[in-house]
Amino acid sequence: MVCVMCLVPLFLIPLVNLLPRIFDFLMAKVYGWLGWEYRKPARVPPACPFKPSATKVGAETISEGTETIAKPAEETTGGGVKQD
């Protein structure tokens, strides 16, 4: 036999995952009764809990957030002499 309290998390997790959808459904019903339109807010996709480390992987290095900005080309007409 398995303890009943040990099974509670198995049934609780799906309910917690469904709470935002249940809330949106109920709010759409309430807004519908009032004659309004309920628009679901944009949800952010879940973030990945794994963060890659900035260590060497084989021959390559991983670096996040670094960008190189190209400098504009300088014109060299006249050899740098000011022209009137």
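The coordinates are above.
Notes on the structure follow.

Considering the overall build of the protein chain
And then number 1: When its secondary structure is counted, the protein chain shows one helix and two strands.
And then number 2: In sequence order, the secondary structure elements of the protein chain are arranged as α-β-β.
And then number 3: In the protein chain, buried positions account for 2% of the 84 residues.
And then number 4: For the protein chain, the accessible area works out to roughly 8,900 Å², and carbon and sulfur atoms hold 65% of it.

A look at helix α1 (residues 4-34)
And then number 1: With 31 residues, α1 extends 42 Å between its outermost C-alpha atoms, agreeing within 8% with the 45 Å of an ideal straight helix rising 1.5 Å per residue.
And then number 2: Taking the largest bend as the criterion, α1 deviates by roughly 45 degrees, centred on L19, and proline P20 comes between one and four positions later.
And then number 3: Among the residues trailing α1, G35 stands out with phi positive, at a value near 85 degrees.

Here's the deal with the state of the cysteines
And then number 1: For the structure on display, the rule yields zero disulfides.
And then number 2: This cysteine, C3, is not joined by any disulfide, and C6 carries the nearest cysteine sulfur, 3.9 Å off.

Section: the packing of aromatic side chains
And then number 1: On inspection of all chains with the given rule, the structure shows two aromatic pairs.
And then number 2: Ring geometry for Y31 against W36: centres 5.6 Å apart, planes inclined by 75 degrees, an arrangement best described as edge-to-face.
And then number 3: With a relative accessible area of 25%, Y31 lands in the partly exposed category.
And then number 4: Taken together, a centroid distance of 5.1 Å and an interplanar angle of 65 degrees make the contact between Y31 and Y38 edge-to-face.
And then number 5: Linked through ring pairs, Y31, W36 and Y38 together constitute an aromatic cluster.

Remarks on a nonpolar patch on the surface
And then number 1: On the surface, a cluster of nonpolar side chains totalling about 850 Å² of accessible area is made up of M5, V8, L12, V16, L18, L19, I22, F25 and L26.
And then number 2: Residue position: I22 is located in helix α1.
And then number 3: The partly exposed category is assigned to I22, whose relative accessible area is 41%.

Rules of the game
Throughout this document, residue positions are counted from 1 along each chain, in the order its sequence is written. Reporting in this predicted model follows two pLDDT cut-offs: at least 70 for local features of residues, and 80 or more for side-chain atom pairs to be given and counted; totals over whole chains, interfaces and linings ignore these cut-offs and use all residues. Hydrogens and waters are ignored; side-chain quantities use all the structure's heavy atoms. Helix numbers and strand numbers start at the N terminus; a helix is a DSSP run of H or I with at least 4 residues, a strand a run of E with at least 2. Between buried and exposed lies partly exposed: a residue is buried under 20% and exposed over 50% of the maximum accessible area for its type, with that area taken using a 1.4 Å probe on protein chains only. Using a 1.4 Å probe, accessible areas were evaluated by the Shrake-Rupley method; residue-level cover was limited to the displayed protein chains. For a helix, the expected span equals 1.5 Å multiplied by the number of residues minus one. Fitting one axis to the seven residues ending at a residue and another to the seven starting there, the bend at that residue is the angle between the two axes. Counting rule for disulfides: a pair of cysteine sulfur atoms within 2.5 Å. Only Phe, Tyr and Trp rings are paired, with Trp represented by its six-membered ring, and only when their centres lie within 6.5 Å; those with planes under 30 degrees apart are stacked, over 60 edge-to-face, the remainder tilted. Patch criteria: residues need more than 30% relative accessible area and no salt bridge. Like-charged residues are merged within 9 Å; nonpolar side chains of Val, Leu, Ile, Met, Phe, Trp and Tyr are merged within 5 Å. A pairing counts as a salt bridge when a side-chain nitrogen of Lys or Arg comes within 4 Å of a carboxyl oxygen of Asp or Glu.

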